[in-house]
Amino acid sequence: AEQPSAQFFLIMGQDQANALTTWREWAVVVQLAIICVAERPHSVNDPTRVAGKIPTAADVRQLQLPDLPHSATQVRERLAAGQGIAQLVPDGVARYIDQNHLYQTA
């Protein structure tokens, strides 16, 4: 590695943090990256509890961001159902997802 002291941060929402241990090779991910969980202001979940689900010395941090009305999970679910996402994400994000065929099952 050219930058052995570099730190990697993986930023995710609470829904993905709750599912982190179901990811393929999740144990490797938490060893390589500092997990930053974006807090949802009205969420009943505590992002810091995610660390309790991970049986390693993972570095899990709470990340406070402006309130976003939609989650990435909602975007993926709508795309999987063949529904539009224009009302959920900015135009540039929707274009990028479409042009790069992200979140497509086929």
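For the structure, check the block above.
Definitions and limits used
Residue numbering note: each chain is counted from 1, following its sequence as written. Given that this is a predicted model, residues contribute local features only at a pLDDT of at least 70 and side-chain atom pairs are listed and counted only at 80 or more, while totals for whole chains, interfaces and linings are drawn from all residues. Heavy atoms from the whole structure form the basis of all side-chain values; hydrogens and water molecules are not counted. What we call a nonpolar core is a set of buried Ala, Val, Leu, Ile, Met, Phe, Trp, Tyr and Cys residues that are connected through their side-chain atoms within 4.5 Å. Exposure categories follow from relative accessible area, calculated using a 1.4 Å probe and restricted to protein chains: below 20% of the type maximum is buried, above 50% is exposed, and the middle band is partly exposed. Put simply, DSSP H or I for four residues or longer makes a helix, DSSP E for two residues or longer makes a strand, and each gets a number counted from the N terminus. What qualifies as a polar contact is a pair of N or O atoms within 3.5 Å, subject to a donor-acceptor requirement within protein and to the restriction that residues adjacent in sequence count only when both atoms come from side chains. Salt bridges are counted wherever a side-chain nitrogen of Lys or Arg sits within 4 Å of a carboxyl oxygen of Asp or Glu. Only heavy atoms matter for contacts: two residues are in contact if any of them lie within 4.5 Å across the pair.

Caption draft 1: Local environment of the nonpolar core. One finds M12, A17, L20, W26, V30, I35, V37, A58 and V60 forming the largest nonpolar core, which totals nine residues. Looking at this core, the elements with two or more residues in it are α2 (26-32) and β2 (33-39). If you look at the next biggest cluster of nonpolar residues, it comprises six residues, including V75, L88, V89 and I97.

Caption draft 2: Just the side chain of Q14, in detail. Along the chain, Q14 turns up in helix α1 (residues 14-19). A relative accessible area of 5% means that Q14 is categorised as buried. Among the polar contacts made by the side chain of Q14, one reaches the side chain of N18 at a distance of 2.7 Å.

Caption draft 3: Layout of the pattern of salt bridges. Per the counting criterion, the structure on display carries two salt bridges. A salt bridge links E25 to R24, with the nearest nitrogen and oxygen atoms 3.7 Å apart. Neither residue differs from the other here; E25 and R24 are each classed as exposed.

Caption draft 4: Representation of the environment of Q74. Here Q74 shows up in helix α4 (residues 72-80). Separated by 14 residues in sequence, Q74 and L88 place their C-alpha atoms 8.6 Å apart. For Q74, the contacting residues outside a window of four places in its chain are P69 and L88.

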